[in-house]
Structure formats: structure tokens, C-alpha cells
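Here is what each chain is made of, one letter per residue.
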Amino acid sequence: MTDPTVAPESTSTLGLSAVEVLTTTRAVRKRLDLTRPVPREVIDECVTIALQAPSGRNRQHWDFIFIDDPELKRRVADIWLRGLAAPAPQSGPAESRDDPQGSGWRRVAESLDHLAEHLHEVPVLLIPCLRVTSRSDLDTIRGQAGGWGSVVPAFWSFMLAAREHGIGTAWTTCHLSYEREMADLLGIPFDTVVQAGLSPVAYTIGTAFKPGPRADQELFTHWDRW
């Protein structure tokens, strides 16, 4: 007989502190267990936590699309791969603050290559989306801040909750070069729903992760003026 006071294995957590969750939730591209299913009830628990994320005017205009059908995952991965091969738009200075020589990028590129090879095998893929009246809602900086500020916290909260459940995630955006094609594949209404990224969702191989290298916090902090 099942002991009702003991949580089932699928919903077990790691018991990390808030600081540990916040500092060790890494982009996991290589250490993904491709053989262990992720139960929907565990995903539901993570979504329940994500529901508490702040959103603009508390409108909660975000949605998560989870893909676990094998053939559909393969087609999603095909679009993602074409996006990975497409030229990436420039978004700010190219060099990293903590790694101006770019040596860290080689590790990222290697892990991306691994993810590219196995994305279709990941148990679940997640695409976070933002509902808009029309895409012109994001034409202004204020509109973008309000819009992305309503889906990004929920997505990140899901990632943090997943980490506590021993599940790895990684925020990617390359498929957005073919966002309309992905929308057509998944039945997303393109004119009123904007995709924000794509993440693998899989249990990690081992649960020990450490904080990543970062530049000194003084480089990020400004008081009273720039």
C-alpha cells in the first residue's frame, strides 16, 4: 500500500535553498537524460509555480506549449536546426563581460552542437508564448518591456522550478528566424501570439551544478547616474 505521507518519486525535489536554485540553474544542453520521461504531473507542478510570476498589470498574457509527440518533436527540431544555421542578429556588444577573448563561447558552441544533434530526442520541448492584440504592440520600447516583462518571468520561474525537480532547461531563440513556420506547425495564431524561445525539458544527468563564471558585480552597478 502506498504511504500517503510520502511524495511519489516523480514529484520529488532536490531540497535546494533559494540561493542555490538561483545560482545553479544553468543552461543545460549536454547533460540531458534522453531516456527518462518527464511526467506531466511534474511539469504541471512547475507551471503552477510559474503562475506566480509577475506580469504586466497582472494580465498573465503568456502561454506554454509543451511538445512530447515524437514526430512533432522531430519537425520542431528541424525548424530549430535551420534557425541555428541562420545568421544571428546583432544584439549588443559581441564580447562577454567576463570573457572578452571569447574563449567561453567555444564551450557554448560545443554544447549547442550536442543539443542540435539530440534535440528531437529530448523528452519534452517547451515554447513560451506571449499574447498580444497585434504584433504592433511590440513596436515601441515600452510595449516590448511590458510584453516581454510578462512572459520572461514566467519562463524563468518555470526553469527555476524545474531545477529544483532535477530537470534541466536551456533558453534558445534561434528558431525565431522561422517563427511563422513554427506557428503554422503548432497551430499558433501568428498575428496575436508571439513566441519567446524554445527550451528542452529533461532530467539532468547528475544534479550537481555550480554557479557559472561572471564578471565582478561592481561592473553592473550604477548609483545615481550611469
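What you are looking at is a predicted structure, and each value in this text was computed from that prediction instead of being measured.

> Explain the overall build of the protein here, please?
Summing up its helical and strand segments, the protein has 6 helices and 5 strands in all. Each helix and strand of the protein, placed in order from N terminus to C terminus, yields the pattern α-α-β-α-α-β-α-β-α-β-β. Relative to a compact globule of 226 residues, whose C-alpha radius of gyration would be 17 Å, the protein shows 18 Å and is just as compact. Expressed along its principal axes, the backbone C-alpha trace of the protein runs to roughly 60 × 45 × 40 Å. In the protein, which comprises 226 residues, the proportion classed as buried is 39%. Within the protein, contacts between residues separated by at least 24 positions form 85% of all contacts whose residues are at least 6 apart in sequence. With an accessible surface of roughly 13600 Å², the protein has 54% of that area assigned to carbon and sulfur atoms.

> Where do I start with the packing of helix H3 (residues 70–85) against helix H6 (residues 179–186) in this structure?
Helix-helix packing is described using two parameters, namely the angle between the two axes and the distance between the axes. Running from N to C, H3 and H6 cross one another at 175 degrees; their axes reach a closest spacing of 10 Å. One element, H3, and the other, H6, form an angle in the roughly antiparallel class. Contacts between H3 and H6 involve Leu 72, Arg 75, Val 76, Ile 79 and Arg 82 from the former and Glu 181, Met 182, Leu 185 and Leu 186 from the latter. Here the residues of the contact of H3 with H6 are counted per class, giving 6 nonpolar, no polar and 3 charged.

> Would you mind showing me how to read the packing of helix H2 (residues 40–50) against helix H5 (residues 141–164) here?
At a closest axis distance of 8 Å, the pairing of H2 and H5 adopts a crossing angle of 135 degrees. By the angle between their axes, H2 is oblique relative to H5. Note on packing geometry: the crossing formed by H2 with H5 is right-handed. Seen from H2, the contacting residues are Ile 43, Cys 46, Val 47, Ile 49 and Ala 50; seen from H5, they are Ala 154, Ser 157, Phe 158, Ala 161 and Ala 162.

> Is there a simple way to explain the nonpolar core in this structure?
Considering soluble globular proteins, one finds that nonpolar side chains tend to be buried as a cluster. Counting 26 residues, the largest nonpolar core has Val 38, Phe 64, Phe 158, Ile 167 and Val 201 as its most contacted members. Contributing elements (two or more residues each) for this core: H2, strand S1 (62–67), strand S2 (124–131), H5 and strand S5 (199–203). Element by element, the count of residues in this core is highest for H5, at 7 residues. Those residues within four positions of Phe 64 in sequence are excluded, and the remaining contacts are Val 47, Ala 50, Leu 126, Ile 127, Pro 128, Ala 154, Phe 155 and Phe 158. With 25 residues, the next largest nonpolar core counts Val 76, Ala 116, Leu 125 and Met 182 among its residues.

> Would you take a moment to explain the pattern of salt bridges for this structure?
Applying the stated rule across the entire model yields 5 salt bridges. Glu 110 is the partner of Lys 30 in a salt bridge, and the nearest nitrogen-oxygen pair spans 3.1 Å. Of the two residues, Lys 30 sits in the loop between helix H1 (18–24) and H2 while Glu 110 sits in helix H4 (residues 103–118), which places them 80 residues apart along the sequence. Residue Lys 30 is classed as partly exposed on the basis of its relative accessible area of 38%. For Glu 110, a relative accessible area of 45% gives the class partly exposed. Between Glu 181 and Arg 82 there is a salt bridge; the shortest N-O distance is 2.3 Å. Of this pair, Glu 181 sits in helix H6 while Arg 82 sits in helix H3, and the two are 99 residues apart along the sequence. Judged by relative accessible area, Glu 181 falls into the partly exposed class, the value being 35%.

Cut-off values and rules
Residues numbered from 1 in each chain as written. Predicted model: local features only at pLDDT ≥ 70, side-chain atom pairs only at ≥ 80, totals over all residues. Heavy atoms only, no water. Helix = DSSP H or I, 4+ residues; strand = E, 2+ residues; numbered from the N terminus. Rg over C-alpha atoms; globule rule 2.2 N^0.38 Å. Buried < 20%, exposed > 50% of the residue type's maximum accessible area, 1.4 Å probe, protein only. Contact = heavy atoms within 4.5 Å. Areas by Shrake-Rupley, 256 points an atom, 1.4 Å probe, with all protein chains shown as cover. Axes fitted to C-alpha atoms, helices over the stretch in contact; angles between N-to-C directions. Parallel < 35°, antiparallel > 145°, perpendicular 65-115°, else oblique. Nonpolar A, V, L, I, M, F, W, Y, C, P; charged D, E, K, R; others polar. Left-handed = near helix turned anticlockwise from the far one by under 90°. Core = buried A, V, L, I, M, F, W, Y, C linked by side-chain atoms within 4.5 Å. Salt bridge = Lys/Arg side-chain N within 4 Å of Asp/Glu carboxyl O.

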